[in-house]
Amino acid sequence: MTVPALAITGLRVGIRSDEGMARILDHIAFSIAPGCILGVVGESGCGKSTLIRTILGILPPAAEIVAGSILFEGEDLRAFSEAELNRAVRGSRIGFVPQDPYLALNPLFTIGAQLLEVMRWHAPGERRSHSTRLVELLRRVQLPDPEAALARYPHQFSGGQRQRLLIAAALACSPRLVIADEPTTALDVTTQQQILRLLRELVDELGIAMLFVTHDLGVVAELCDEVSVIYAGQTVESGPTAAMLDRPLHPYTRALLACHPDRSEGFTGIPGAVPSPLRAPPGCRFAPRCAGARPACTGRSPAPQWPEPGRSVDCILYEAKAAA
Ligand SMILES: Nc1ncnc2c1ncn2[C@@H]1O[C@H](COP(=O)(O)OP(=O)(O)OP(=O)(O)O)[C@@H](O)[C@H]1O
C-alpha cells in the first residue's frame, strides 16, 4: 500500500485568548496520496490558514496542537524539533506557494539572488550547479528567457510570471508535498487558468502531492482529485471531487455550491457568518445556518459517517440514515 504523502487525523488546535481557550481546529482529518491534489475548501474564517500553519509548524505563540497526528510520508511531524523542521522539512521536503505573488518576493533583490539563497540554505553546494538547476526550473514553469530572468527584479515581471517564479521556488528543493495557499486569487481569469494547468502538469510529472487551499469550488472542480470541506475549524465532508460536486452530501457543501454562479440557477448566499472559534455554537457548528437543522444538531457534535466508499460526511442527518 502506498504511504500517503500527508495523513492528518483527529487534529485539534487550541488558541489562548482573554476569553479562554478556543478550538480553532477541531477534528480535522484527511490524507493525500503522492500524485494527488487535495483541495481544502471553506469560507473566510474557517481555519484554512491555521491548518497550513499547523502543518508547517509555524503557529502563533498563543496556539498549540492539542490532539491528533500529522504524518508526512509516514513520519510524525509533531515529533520533529524546530531545527529539523527548519532545515529538512519546510521549504525542502514540503514546498509552499503563497497567495499573493506581489507581496511574496522582496523588491530589493534580483530573482537569482532570492531563489538561489533558498536552494543554498537547504542544499549547500556549488553556485553554478544551483544556477543551472534554477534555469531548468524556470524553463519548466514556462517563464520566458529564464537565463535573463535571474538578473531581473520582481517588478519587472507580471503577476502571472511572479506566480511562476514562486512555483519554481517551491519546487527548488524537490519537495514531496507542495502546499498552495489560494495561489491564483490575485490573478486574472486567463492567467489563473494557465497557472492551474501548470500545477496539474507538475503534479502529474513529478508525482508530488499537493494540498490546495481555496474558497473557490470552481477552482477545485478544475484542479483537484479530492476535496475536503471545512467549516468553523471542522472537516464536514471529504471525497472525490466529481462525486462531491455532483452529489454534495453535507448541507454546508450544498450551500457553498449554491453560492457558486456557475453551479446554481439563482444566486443564493449562506445566511449568517462563520462563528468565531471563541463563540462556537454547541453541537454541529453549522447548525445555526443550516436550513435542515434539527433540535438534535445542537445537542452534540456529529460523528463521521461513510455513506459511500471514499466519502465521509459529519452530519447527524446521515447518522439517522445509517441507523435506519
Ligand atoms: N492568533 C489568533 N488569535 C485569535 N483568533 C485567531 C487567531 N488566528 C486565527 N484566529 C481565528 O481563527 C479562525 C480561523 O482563522 P484562519 O485565518 O485560519 O481562517 P481562514 O479560513 O484562513 O480565513 P481567510 O480565508 O480569511 O484567511 C478565525 O475565526 C480567526 O479569527
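Please read these numbers as outputs of a predicted model, since none were measured by experiment. (Residues numbered from 1 in each chain as written. Predicted model: local features only at pLDDT ≥ 70, side-chain atom pairs only at ≥ 80, totals over all residues.)

(A) Region of interest: the overall build of the protein. Across its full length, the protein holds eleven helices and twelve strands. Radius of gyration (C-alpha) of the protein: 21 Å, near the 20 Å computed for a compact globule of 324 residues. Principal-axis analysis of the C-alpha atoms places the extent of the protein at approximately 65 × 45 × 45 Å. By residue count, 39% of the 324 residues in the protein fall in the buried class. For the protein, long-range pairs separated by at least 24 residues make up 64% of all intrachain contacts whose partners lie at least 6 apart in sequence. (Helix = DSSP H or I, 4+ residues; strand = E, 2+ residues; numbered from the N terminus. Rg over C-alpha atoms; globule rule 2.2 N^0.38 Å. Buried ≥ 20, exposed ≤ 12 C-beta atoms within 10 Å, placed from the backbone. Contact = placed C-beta atoms within 7 Å.)

(B) Quick look at the site of the ligand. Looking at the ligand, there are 15 residues lining it, with Ser 44, Cys 46, Lys 48, Ser 49 and Thr 50 nearest. Of the residues contributing to the shell around the ligand, the split by class is six nonpolar, eight polar and one charged. (Near = placed C-beta within 6 Å. Nonpolar A, V, L, I, M, F, W, Y, C, P; charged D, E, K, R; others polar.)

(C) Focus on the domain arrangement of the protein. Looking at the assigned domains, one finds that the protein contains domain 1 (34-59 + 82-93 + 177-323) and domain 2 (100-172). Distance from the C-alpha centre of domain 1 to the C-alpha centre of domain 2: 30 Å. On the domain 2 side, the residues contacting the eleven residues of domain 1 number 13 residues. By residue number, the principal contributor to the side of domain 1 that touches domain 2 is helix α7 (residues 189-206), which donates five residues. (Domains from an automatic or database assignment.)

(D) Representation of the sheet that holds strand β10 (residues 234-240) in the model. The sheet built from eight strands is open, its strands ordered β6-β7-β8-β3-β9-β10-β12-β11 with mixed pairing. Strands at the two margins of the open sheet, each flanked by one partner only, are β6 (94-97) and β11 (305-308). Within this sheet the neighbouring strands show an average axis-to-axis angle of 20 degrees, counted without direction. (Pairing = 2+ DSSP bridges. Axes fitted to C-alpha atoms, helices over the stretch in contact; angles between N-to-C directions.)

(E) Just the sheet that holds strand β2 (residues 20-32), in detail. Ordered by their spatial adjacency, four strands build an open sheet running β2-β1-β4-β5, and the pairing between neighbours is antiparallel. The open sheet terminates on both sides in strands that have one partner only, identified here as β2 and β5 (75-76). Examined bridge by bridge, strand β1 (residues 6-17) and strand β4 (residues 63-72) share eight bridges and lie antiparallel to one another. Opposite Ile 8, over in β4, you have Ile 70 as the bridge partner. Sheet strands touched by helix α1 (residues 48-56): β1, β2 and β4. Its angle to β2, the strand with the most contacts, is close to 75 degrees.

(F) Highlighting the pairing of β2. Sheet topology places β1 next to β2; nine bridges connect them, and they run antiparallel. Counterpart to Leu 6 in the pairing with β2 is Ile 32.

(G) Quick peek at helix α3 (residues 111-122). The first and last C-alpha atoms of α3 sit 17 Å apart over twelve residues, in line with the 16 Å expected at 1.5 Å per residue. For α3, the set of buried residues is Ile 111, Leu 115 and Met 119. Axial view of α3: buried residues confined to an arc of 45 degrees, hence all on one face. (Expected span 1.5 Å × (residues − 1). Arc of directions from axis to C-beta.)

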